[in-house]
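Take a look at the letters that make up each chain.
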Amino acid sequence: METFNLYSLNTPTFFLMFILIYLFAYFVVFHNWGPKHRAEASSCFISLAHGTPAVFMAGYATLNTQKSLRTLASPNTIFQNFVLEYSIAYFLMDLLHYIIFLPRDVLFILHHVATLYVLVTCRYAVHYGAFEILVILILAEVTSACQNVWSLASFRKADVPASAKLHELLSPPFYTFYSVVRGIMGPLFVYKMWVFYLSGAADHSIPKWARVSWMIVIIAGVLLSILWILNNWIGWYRELSYRAGKKVR
């Protein structure tokens, strides 16, 4: 039986924490950046604050669970709910960022809304299924640190030669890492979820509406991730081809 009391560490508390981190990044860390990338860099900063800690916490929440509860239809544990609340707060804050600063970025706004739907329903409506949702969270956030450093470098690569060099250096390993996680590991786990749900093993714990809607959101996210990294690989290859062509001339 779990006795770890996390009552005070609720979603509003984490939301306030991410607001303060965002404001610190906006007014202190990136205060001398131009208006074009200042808000985007602050978004990356809170993503850094969320991503890697979320991976470790989600890993602990899944591995440090009784073996009998490590199934795709097990009830949420106290610590699993804690991690869900931590991530809900982050995605709410980042959604607010996009609505204020990038309202035309409809794809990212829809992504955050869909992600929040899964996290919120798992935490507050269904109370089951956190195990698989946290595994998906690990696969989604394990590339976060590398991706955010890569993104920050891309914002300044036109103005700062060191940023351009860092972006160029990070691109191949980051693309490879992302491709393996999102293009191979992610689809394999989603397939495992799909087979498990179809078997009927979750029929008495996770409602059908939740199973179907979660799978739609997760599959859509995996497909968009694959398209995104494929587009980046194509752009990287074209850049290499362009540089090779210039050298020949």
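Cut-off values and rules
Position labels on residues start from 1 in each chain and follow its written sequence. For a predicted model such as this one, the threshold for reporting local features is a pLDDT of at least 70, and the threshold for listing and counting side-chain atom pairs is 80 or more; totals across whole chains, interfaces and linings nevertheless cover every residue. Note that water and hydrogens are dropped before the side-chain values are worked out from all heavy atoms of the structure. Each Phe, Tyr or Trp ring (for Trp, its six-membered ring) is paired with any other whose centre lies within 6.5 Å, and the angle between the two planes then decides the class: stacked below 30 degrees, edge-to-face above 60, tilted in between. Here's how the labels work: a residue is buried when its accessible area is under 20% of the maximum for its type, exposed when over 50%, partly exposed in between, all with a 1.4 Å probe on protein chains only. Secondary structure elements are defined from DSSP: runs of H or I of at least 4 residues count as helices, runs of E of at least 2 residues count as strands, and each element is numbered from the N terminus. Every angle, taken between N-to-C directions, lies between 0 and 180 degrees, and every axis is a line fitted to C-alpha atoms, over only the stretch in contact when it is a helix. Working rule for angles: under 35 degrees goes down as roughly parallel, over 145 as roughly antiparallel, 65 to 115 as roughly perpendicular, anything else as oblique. Note on convention: near helix rotated counterclockwise from far helix by under a right angle means a left-handed crossing. Clockwise means right-handed. Any pair of residues with heavy atoms lying within 4.5 Å of one another is described as a contacting pair. In this classification, Asp, Glu, Lys and Arg are treated as charged, Ala, Val, Leu, Ile, Met, Phe, Trp, Tyr, Cys and Pro as nonpolar, and every other residue, Gly included, as polar. The set of buried Ala, Val, Leu, Ile, Met, Phe, Trp, Tyr and Cys residues whose side-chain atoms join them within 4.5 Å is what this entry labels a nonpolar core. Pairs of N or O atoms within 3.5 Å make up the polar contacts considered here, provided that, within protein, one atom can donate a hydrogen while the other can accept it, and that residues adjacent in sequence are counted only when both atoms are side-chain atoms. Here the expected length of a helix is defined as 1.5 Å per residue gap, with one fewer gap than residues. Throughout, the bend at a residue refers to the angle made by two axes, fitted to the seven residues ending there and to the seven starting there. To count toward a patch, a residue needs a relative accessible area over 30% and no salt bridge; like charges are then connected within 9 Å, while nonpolar side chains (Val, Leu, Ile, Met, Phe, Trp, Tyr) are connected within 5 Å. Every accessible area reported is derived by Shrake-Rupley at a probe size of 1.4 Å, with residue values counting cover from the shown protein chains alone. Salt bridge criterion: a side-chain nitrogen from Lys or Arg within 4 Å of a carboxyl oxygen from Asp or Glu. Charged residues are defined here as Lys and Arg on the positive side and Asp and Glu on the negative side; His and the ends of the chain fall outside this count. Disulfides are defined as pairs of cysteine sulfur atoms found within 2.5 Å of each other.

In the nomenclature of an unreviewed UniProt entry, the protein chain is known as TLC domain-containing protein of Melia azedarach.

(A) Main features of the packing of aromatic side chains. What the rule picks out here adds up to 24 aromatic pairs. Centroid distance Tyr 90 to Phe 91: 4.9 Å. Interplanar angle 65°. Geometry classified as edge-to-face. You can call Tyr 90 buried: its relative accessible area is 5%. Phe 91 sits in the buried class, given a relative accessible area of 5%. Between Trp 233 and Trp 236 the ring centres are 5.4 Å apart and the planes differ by 80°, which places this aromatic pair in the edge-to-face class. Here the residue Trp 233 and the residue Trp 236 both occupy positions in helix α8 (residues 208–248), the gap between them amounting to three residues, near one helical turn. What makes Trp 233 partly exposed here is its relative accessible area of 26%. Overall, the relative accessible area of 29% leaves Trp 236 in the partly exposed class.

(B) Focus on the packing of helix α2 (residues 35–63) against helix α6 (residues 144–156). Packing of α2 against α6 leaves a shortest axis separation of 9 Å and a crossing angle of 165°. The orientation of α2 with respect to α6, classified from their angle, is roughly antiparallel. Both α2 and α6 take part in a crossing whose hand is left-handed. Together, His 37, Glu 40, Ala 41, Cys 44, Ser 47, Leu 48, Gly 51 and Thr 52 of α2 and Ser 144, Ala 145, Asn 148, Ser 151, Leu 152 and Phe 155 of α6 make up the contact between the two elements. Tallied by class, the residues present in the contact of α2 with α6 amount to six nonpolar, seven polar and one charged.

(C) Examining the nonpolar core more closely. Residues Phe 18, Val 83, Ile 133, Met 193 and Trp 214 are the most contacted members of the largest nonpolar core, which totals 51 residues. Residue assignment for this core shows that the elements contributing at least two residues are α1 (11–29), α2, α3 (78–101), α4 (106–126), α5 (130–141), α7 (161–198) and α8. When residues of this core are assigned to their parent elements, the largest contribution, twelve residues, is made by α3. Ignoring anything within four residues of it in the chain, the contact list for Met 193 reads Leu 72, Glu 132, Ile 136, Met 215 and Ile 218. Counting residues in each nonpolar core, the second largest holds seven residues, with Trp 33, Ala 41, Leu 152 and Phe 155 among its members.

(D) Seen up close, the side chain of Ser 171. Inspection of the secondary structure assignment puts Ser 171 in helix α7. Here the side chain of Ser 171 touches Trp 150 through a polar contact of 3.1 Å, side chain to side chain. Discounting residues that sit within four places of it in the chain, Ser 171 has contacts with Trp 150 and Trp 236.

(E) Examining α4 more closely. With 21 residues, α4 extends 28 Å from end C-alpha to end C-alpha; this agrees with the ideal 30 Å at 1.5 Å per step. At Val 120, α4 shows its maximal bend, which comes to roughly 30°. Considered for burial, the residues of α4 that qualify are Ile 109, His 112, Thr 115, Leu 116, Val 118, Leu 119, Thr 121, Cys 122, Arg 123 and Val 126. Count one or two residues on from α4 and you reach His 127, which has phi positive near 65°.

(F) Just a nonpolar patch on the surface, in detail. A cluster of nonpolar side chains, contributed by Leu 16, Leu 20, Leu 23, Phe 24, Phe 27, Val 28 and Val 29, occupies part of the molecular surface with about 640 Å² of accessible area. Following the sequence through the fold, Phe 27 ends up in helix α1.

(G) View of the side chain of Arg 182. Looking at where Arg 182 falls in the secondary structure, it is placed in helix α7. At 6.2 Å, Glu 141 is the nearest oppositely charged side chain to Arg 182, a buried residue that forms no salt bridge. Of note is the side chain of Arg 182, whose polar atom sits 3.4 Å from the backbone oxygen of Leu 139. There is a polar contact of 2.6 Å between the side chain of Arg 182 and the backbone oxygen of Ala 140.

(H) Structural view of the state of the cysteines. Enumeration over the complete set of coordinates arrives at zero disulfides. Cys 44 provides the cysteine sulfur closest to Cys 146, a residue in no disulfide bond, and the two sulfurs are 12 Å apart. Since its relative accessible area comes to 22%, Cys 146 is described here as partly exposed.

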